[in-house]
Amino acid sequence: MKLSALKKTFGIALLSLVSINSFAQDIIARQAPSDRRLKDIHNVKLNNTVALSADLKDPAANIYTDWTDNLRSCTGAVPANYKIDLRGFCMPTPSRKINSPFGPRWGRQHEGLDIKVYIGDTIRAAFDGKVRICKYNGGGYGYYVVIRHPNGLETLYGHLSKQIVKKDQIVRAGEPIGLGGNTGKSNGSHLHFETRVLGQPINPALLFDFENQDVTGDYFVLKDGISKDKVAKK
Ligand SMILES: [Zn+2]
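Worth saying up front: this structure is predicted, and the values here are computed from it rather than measured.

**Q** I keep staring at the packing of aromatic side chains and nothing clicks. Help me out?
**A** Two aromatic rings, taken as a pair, are described by how far apart their centres are and by the angle between their planes. The full count for this structure, using the stated rule, is seven aromatic pairs. Each ring, one from tyrosine 157 and one from phenylalanine 193, has its centre 5.5 Å from the other, and the planes form 45°; the classification is tilted. With tyrosine 157 in strand E9 (residues 153-160) and phenylalanine 193 in strand E13 (residues 190-197), this pair connects stretches of sequence that are 36 residues apart. Each ring, one from phenylalanine 193 and one from phenylalanine 208, has its centre 5.4 Å from the other, and the planes form 80°; the classification is edge-to-face. On the criterion of sequence distance, the pair formed by phenylalanine 193 in strand E13 and phenylalanine 208 in strand E15 (residues 208-209) is long-range, its members being 15 residues apart. Using a relative accessible area of 0% as the deciding quantity, one classes phenylalanine 193 as buried. The exposure class of phenylalanine 208 is buried, given its relative accessible area of 1%.

And the structure:
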């Protein structure tokens, strides 16, 4: 084959490869959930697969030094003005009904938000991340899952009827991780949802607006560390 012919063939092959690629990306983009933020991050992922997988293998390694299956093992000072990137979120449940807010309750701190769900309802990962804990606690959370995310947050999903992920599994935002339930210390089926940074609970309502099925903004900044008084209020 002459050089010019080779160039031509190669050129056509390259061109078709490019067009198949962009066609495939277009299909992937069109299959993505209709949510703007989730779609945006999926498009970014296609271009940054390598960087992202390192981030998911060891999420938020800049602030966490441990990886155990003990909920309260991770401690440390949260950096001042720590900025949490909420883009790419997925609401864990389409339910808009809050049964019980974060804050003092029955003489102790309720460290999460109770959202009405029914037994068997799909519960989804709030962000991309890696499953740190997948355990049962009969006197508390029942079947629960904790995921650590590259944005520094950890999310906890409690009272599940079933866990459908395993410890150390990498999950994507919106991926089903369990089914709604009434296990552990729970009166009526609901999702107990917690958001934590370095083991310290933050009011999930500061980040997630379940009523409107949205996040409260693209970013949430933890100013001057975490104070329980501050985070208890919406
Ligand atoms: Zn609760």
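Still more to cover.
**Q** Could you clarify how one ought to interpret the pairing of strand E5 (residues 113-116) in this entry?
**A** Strand residues, when the strand is regular, have side chains that alternate between the two faces of the sheet. As defined by bridge partners, strand E2 (residues 98-100) adjoins E5 across two bridges and the pair is classed as antiparallel. Counterpart to isoleucine 98 in the pairing with E5 is isoleucine 115.

Calculation rules
Residues numbered from 1 in each chain as written. Predicted model: local features only at pLDDT ≥ 70, side-chain atom pairs only at ≥ 80, totals over all residues. Heavy atoms only, no water. Phe/Tyr/Trp six-rings, centres within 6.5 Å; stacked < 30°, edge-to-face > 60°. Helix = DSSP H or I, 4+ residues; strand = E, 2+ residues; numbered from the N terminus. Buried < 20%, exposed > 50% of the residue type's maximum accessible area, 1.4 Å probe, protein only. Pairing = 2+ DSSP bridges.

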